[in-house]
Amino acid sequence: MAHALSVLPSRPAARVRRLPPVLAVVAVVALLALPLDPDGGGGAHPADAVSALAVLYCALRLVRDRRRPLSRTAAVVLGLPVLGLAVAAAGALSPGAGLTGLGRYLQVFVLVPAAVLLLVRDRADVRLLTWSMVGLALWQGAVGVHQYVTGTGASYQGEPIRAVGTFGPQDVMGMATVVSLGLVCAAGLALGRTTVRHRLLAAGCALALLLPLALSFSRGAWIATAVTCAVQLLLAGVRRALAVGAAVVAAAVVLVGGFGVGTAMLQERVGSITQVTDAPDQSVTDRYTMWAAAGGMWRERPLTGVGLKGFPEHRDAHASLALSSGSETDGAGAAYRRQPLLSPHNMYLLVLAEQGLIGLLALAGSWLALLVLGLRRLRAVRRERGTVPDCAFVACGLLVWQLTDFAYADIGGPSTVLTAVCFGLAAWWALASAGPEVPER
């Protein structure tokens, strides 16, 4: 009897040890569903704090298990951005700005992706994490559609109809990012060789997310999602690409046809994508003015840039008079506020301006290596098995989406931690195994 009682306390601990380590990353994703203070001043999101705990948890597991953390290739690819970041941090205007910027970049592009790579064990873990991202997207999308229908969203052309989810008007790209990534995940799951029921469920989720994505009025998210889904379909085969593409177009026509007043606004928003020189709106003018300012900073210091967090300080010295004083935000429960334009809304130009050629080659080199290795492994698996697993479509799709969206956006806001998770999934597919094998429990 005494022996039985002594065993009982160890059972809960044994159950905890049997839980998949990837749940630490799933918790990061789940926390992005929490509503934010609409009048809050920004700052760290709870998901950022949990991502730091996930990195610490991963490190403790490595120490306990006494195993090699990363392969040589993985260490080089994920560690490459550190070179440019260290140089740019040393050249920052102040030590505080340099350390803050260094910590953020390390979190998004080095530490969290490495933790995801090490905590994800097999395809079952990838599916769990992927479905959590789809679930988050459905939740944020549902909130966004409700905001549009009830007129409680962020202000757009004077009407409170812009879907922003729980992120508020201060982060109008937050919901668009989450919904886009969820749609890419659902598309990848639908294209994989799983059961018919799972593929149909994933395809249904992808179609359902088209509506909140449209109501986000985010041109950059639209372009990145369209490009990514096209790439995923082509990777799955030209015949499937044509069939699925026709179905998506038909669904989009049905959805857009039921918007009423939203149809005209969506058509105007879509048309504004090509209005670069022919009467562009102020947001387009501001974007191109800041792009030119970033180019001016780079020409001033081509190798090292102006230092981390240096763009706001050098912006006015390089921007033309066409740049407005800020963007106006209102609605979704928040008071009217004018936000200063502190970044060029282009990740490549932001890195070029603040980190110079050294930083851009280091960061972009790491991203390109992940893309090349991921696509090469996908081809190897297809050649060996004749089919491609869903995790390949998900990982490669998320990476393509990020690299495309970086032409229209940069890091910032609560949804940035999801960018780190995406790079981690891409790193798992590209770097977790030297060969084409795809582990499965």
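Just so it is clear, the model here is predicted, and its values are computed rather than measured.

Colleague: Before we move on, can you summarise the confidence of the model for the protein with the specific residues and values?
Modeller: In this model, the protein carries an average pLDDT of 84, and 81% of its residues clear a pLDDT of 70 or more. The model gives residues 5-9 a pLDDT under 50, and that stretch makes zero contacts with residues more than four places away or in other chains.

Colleague: Just give me the short version of the side chain of Asn346, but keep the residues and values in it.
Modeller: Considering the arrangement of structural elements, one finds Asn346 in the loop between strand 4 (334-339) and helix 17 (347-385). A relative accessible area of 7% means that Asn346 is categorised as buried. In terms of polar contacts, Asn346 uses its side chain to reach the backbone amide nitrogen of Tyr348, at 3.0 Å. Beyond its immediate chain neighbours, meaning those up to four positions away, Asn346 contacts Trp291, Phe406, Ala407, Ala409 and Asp410.

Colleague: Lay out the pattern of salt bridges in plain terms, naming residues and giving numbers.
Modeller: Applying the stated criterion to the full structure yields eight salt bridges. For Arg64, the salt bridge identified is with Asp65, shortest N-O distance 3.1 Å. Look at Asp65 and you get partly exposed, because its relative accessible area is 33%. A salt bridge links Arg121 to Asp125, with the nearest nitrogen and oxygen atoms 3.2 Å apart. The partly exposed category is assigned to Arg121, whose relative accessible area is 39%.

Colleague: Could you give an account of a nonpolar patch on the surface, naming the residues involved and the relevant values?
Modeller: On the surface, a cluster of nonpolar side chains totalling about 230 Å² of accessible area is made up of Leu19, Leu23 and Leu128. The residue Leu23 is located in helix 3 (residues 23-31) in this model. Exposure remark for Leu23: the relative accessible area of 34% places this residue in the partly exposed category.

Cut-off values and rules
Residues numbered from 1 in each chain as written. Predicted model: local features only at pLDDT ≥ 70, side-chain atom pairs only at ≥ 80, totals over all residues. Heavy atoms only, no water. pLDDT = per-residue confidence, 0-100. Contact = heavy atoms within 4.5 Å. Helix = DSSP H or I, 4+ residues; strand = E, 2+ residues; numbered from the N terminus. Buried < 20%, exposed > 50% of the residue type's maximum accessible area, 1.4 Å probe, protein only. Polar contact = N/O pair within 3.5 Å; in protein donor to acceptor, adjacent residues only side chain to side chain. Salt bridge = Lys/Arg side-chain N within 4 Å of Asp/Glu carboxyl O. Patch = residues over 30% accessible without salt bridge, like charges linked within 9 Å, V, L, I, M, F, W, Y side chains within 5 Å. Areas by Shrake-Rupley, 256 points an atom, 1.4 Å probe, with all protein chains shown as cover.

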